[in-house]
Amino acid sequence: MAFRCPRSTTEVSEKLVDFVANPGIGIVEPTLVSHKPNSEGISISDIVPSTKGEYRKGDSLKGASKFNSKKGIKASGSGLNQSSLTAEVVYDCRRSITDLPPAIISEILNCLDPKDLGIVSCVSTILHRLASEHHAWKEFYAERWELPAVPVALELDVADEKSWKELFVEREFRSKTFMGRYTMDVLYGHTEAVRTVFLLASAKLIFTSGYDSVVRMWDMEDGLSIASSRPLGCTIRAVAADRRLLVAGGTDGFIHCWRAVEGLPHLFDLRGSQDQNTEVRLWGHEGPVTSLALDLTRIYSGSWDTTVRVWDRHSMKCIEVLRHSDWVYGLVPHDTTVASISGSDVYIWDTNSGSLLTIIFSAHVGNTYALARSHTGDFLFTGGEDGSIHMYEIIDDGCEAKAWQVAAWIPHTGPVYSLAFEFPWLVSASSDGKLALIDVRKLLRTSRHALRKRSSKVKYFDAGAIEPPQRMLHGFKSNLFAVDIGADRIVCGGEEGVVRIWDFSHALEIERRARALRGMRLEHRMRRRKLQTELSSSKGGRSDQCSVAAKKSSVNCIWPNKRGLSGKVKA
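Rules used throughout
Residues numbered from 1 in each chain as written. Predicted model: local features only at pLDDT ≥ 70, side-chain atom pairs only at ≥ 80, totals over all residues. Heavy atoms only, no water. Phe/Tyr/Trp six-rings, centres within 6.5 Å; stacked < 30°, edge-to-face > 60°. Helix = DSSP H or I, 4+ residues; strand = E, 2+ residues; numbered from the N terminus. Buried < 20%, exposed > 50% of the residue type's maximum accessible area, 1.4 Å probe, protein only. UniProt positions renumbered as here; feature names shortened; annotations may be inferred. Pairing = 2+ DSSP bridges. Axes fitted to C-alpha atoms, helices over the stretch in contact; angles between N-to-C directions. Core = buried A, V, L, I, M, F, W, Y, C linked by side-chain atoms within 4.5 Å. Contact = heavy atoms within 4.5 Å. Left-handed = near helix turned anticlockwise from the far one by under 90°. Nonpolar A, V, L, I, M, F, W, Y, C, P; charged D, E, K, R; others polar. Salt bridge = Lys/Arg side-chain N within 4 Å of Asp/Glu carboxyl O.

K.L.:
I'd love a proper account of the packing of aromatic side chains, names of residues and values included.
P.N.:
In this description, an aromatic ring pair is defined by two values, namely the gap between the centres and the angle between the planes. Inspection of every chain in the model, using the stated rule, returns 16 aromatic pairs. Arranged with centres 5.5 Å apart and planes meeting at 55°, the rings of W137 and F168 form a pair that is tilted. Of the two residues, W137 is situated in helix α7 (residues 136-145) and F168 in helix α8 (residues 164-174); the sequence distance between them amounts to 31 residues. Look at F168 and you get buried, because its relative accessible area is 6%. Ring centres of Y182 and F504 lie 5.5 Å apart, and the angle between their planes is 50°; on these two criteria the pair is classed as tilted. Note that Y182 is positioned in the loop between α8 and β3 (183-187) and F504 in the loop between β30 (499-503) and α9 (505-538), a separation of 322 residues in sequence. Residue classification places Y182 among the partly exposed residues on the basis of a relative accessible area of 35%.

K.L.:
Could you give me a rundown of the UniProt feature "repeat: WD" (unreviewed entry) in the protein, with the residues and numbers involved?
P.N.:
In this structure's numbering, the residues bearing the UniProt feature "repeat: WD" (unreviewed entry) are residues 187-228, 282-321 and 361-394. In residues 282-321, helix accounts for 0% and strand for 60%; the two terminal C-alpha atoms are 14 Å from one another. The span residues 361-394 is 0% helix and 53% strand, and its two end C-alpha atoms sit 14 Å from each other.

K.L.:
Could you give an account of the sheet that holds strand β6 (residues 216-219), with specific residues and numbers?
P.N.:
Sheet strands pair by backbone hydrogen bonding; their relative direction is either parallel or antiparallel. Pairing is antiparallel in the open sheet, where 4 strands are placed in the order β4-β5-β6-β7. Where the open sheet ends on each side, the last strands, each with one partner, are β4 (194-200) and β7 (225-228). Neighbour-to-neighbour, the strand axes of this sheet turn through a mean angle of 20°, independent of strand direction.

K.L.:
Give a detailed account of the nonpolar core, specifying residues and quantitative values.
P.N.:
In terms of nonpolar packing, the biggest core is built from 33 residues, with F381, M391, W409, L419, F421 and L426 touching the most fellow members. Those residues in contact with M391, other than ones at most four positions away along the chain, are F379, L380, F381, W404, Q405, V406, A407, W409, L443 and L444. Membership of the second largest hydrophobic core comes to 18 residues, among which are M217, C234, A248 and L270.

K.L.:
Requested: an account of the packing of α7 against α8, with residues and values cited.
P.N.:
Relative orientation of the contacting elements α7 and α8 amounts to 35°, with a least axis distance of 8 Å. When you trace α7 past α8, the crossing you get is left-handed. Listed contacts from α8 to W137, K138, F140, Y141, R144 and W145 of α7 are W164, K165, L167, F168, R171 and E172. Broken down by class, the residue content of the contact of α7 with α8 amounts to 7 nonpolar, no polar and 5 charged.

K.L.:
Run through the pattern of salt bridges, naming residues and quoting values.
P.N.:
Taken as a whole and assessed by the stated rule, the structure comprises 12 salt bridges. With its nearest N and O atoms 3.8 Å apart, the salt bridge here joins R441 to D439. Its salt-bridge partner being R489, residue D488 comes within 3.0 Å of it at the nearest N-O pair. Neither D488 nor R489 differs from the other in exposure class; each is buried. By sharing partners, the salt bridges in this structure join K204, E221, D488, R489 and D503 into a single network.

Below you can see the structure in the form of structure tokens.
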């Protein structure tokens, strides 16, 4: 990270001599004098080429006691001659980034992505401290997985004193386990097809429902059934939850809500207690509720009555109605916008004003059934009746929003009914009974500057450059209607009436052991190289003597070589 100035030529050296002899230059403090004879930079012989004929030994230079320290020239304070100049004058223009103020270094580090920031932290102790404690790691984490509501429940089994860099590295490492080994658990309890699943990873809970009109709650770790609701009287097509509220929507148009009970280990009392304030029903849709979503202050619901309704969580009243031209199959909110799919089109709305920002017409051949969105809100993923998956980038320049198609995949032979996204994995469920895992890490511009709202560099995609799905999960007999993904688990449900959990946590442990072994091997290799270097440097002369002696006392080998042996066989 040091910056060096090249050696000056003789002409520059002569100019420096004139500069040194100039009396109008500041005086260097004695503490700044350097006495290194072999200092880097311009040597004294370059500054004073020859003293013969120009200066006599012992003659002082006029004004030689005055120098400009900013130019890197240092001297004692008295007369200069060749001998004193050789020992005391140093021209060194080395500069490092660590010489800058910490605030400026922080702004420079703010322009780096996670990989480059990690590399910079290995340069020096100062940069390691500044880069490891930089606030950008928190932003990196939020861009990929959103900030956790409860720091303890990060699924990482780490303490609160973990830095954001350590949390980011752990989560990034965990995201690579979906290409490893897995175990599959099958949960039985539903009597008919499962239409919706929801994974609440922060509480390690799974919520499922379907044609049997019962909402069931499962433990994510051991797969045991915790509680189930009473029959709600209709097919439940949508479920959403956070740590404060659970909502379920059915074909009767009602939205059933359960508030979290303080002190209850599993948050919600689905069995119906005597406290009537924990369970609420919302009505406003005139058709089946097909999709639900939550944020901190609102509830979003989509229905076959061609509307999306926005509800206030505090008052439980509808505050906005967004009308579409066809049935609404799905929606995903982000910040002040909500994306929805209706028929074959994709809509993006401003929830504050209720205005339509943009429409993606005919996203698929036939209906668009599935919708997912990145945590930054800049990328949309759609799945349709044609079995394809499309990826769009949303650009908002302040005046209008535009959508550009980035990629497309056709991993299924039947309609795609459900999509779920957890950086960097997009997982899809289809009627062909298969799950497709797609790594979109290379397509997502994870640099924070690239993620800002500005003109996109990718306006057209090359179908040949798009990688196929990295993994296909099989083992299902019939239609898959719903899927969700967590840090190391995938949950899906379908027409069989069972819930399957794909557990990749064992792959995480295997990968951790493999990484530890690789680290130990690397450490042993570095130690061996260090020992070999020390031995070769300390016994270099002795090894040369041994090699000379071996050459002098060389003995002919008694074993026949390959050529001689083959000659004898031919004879």
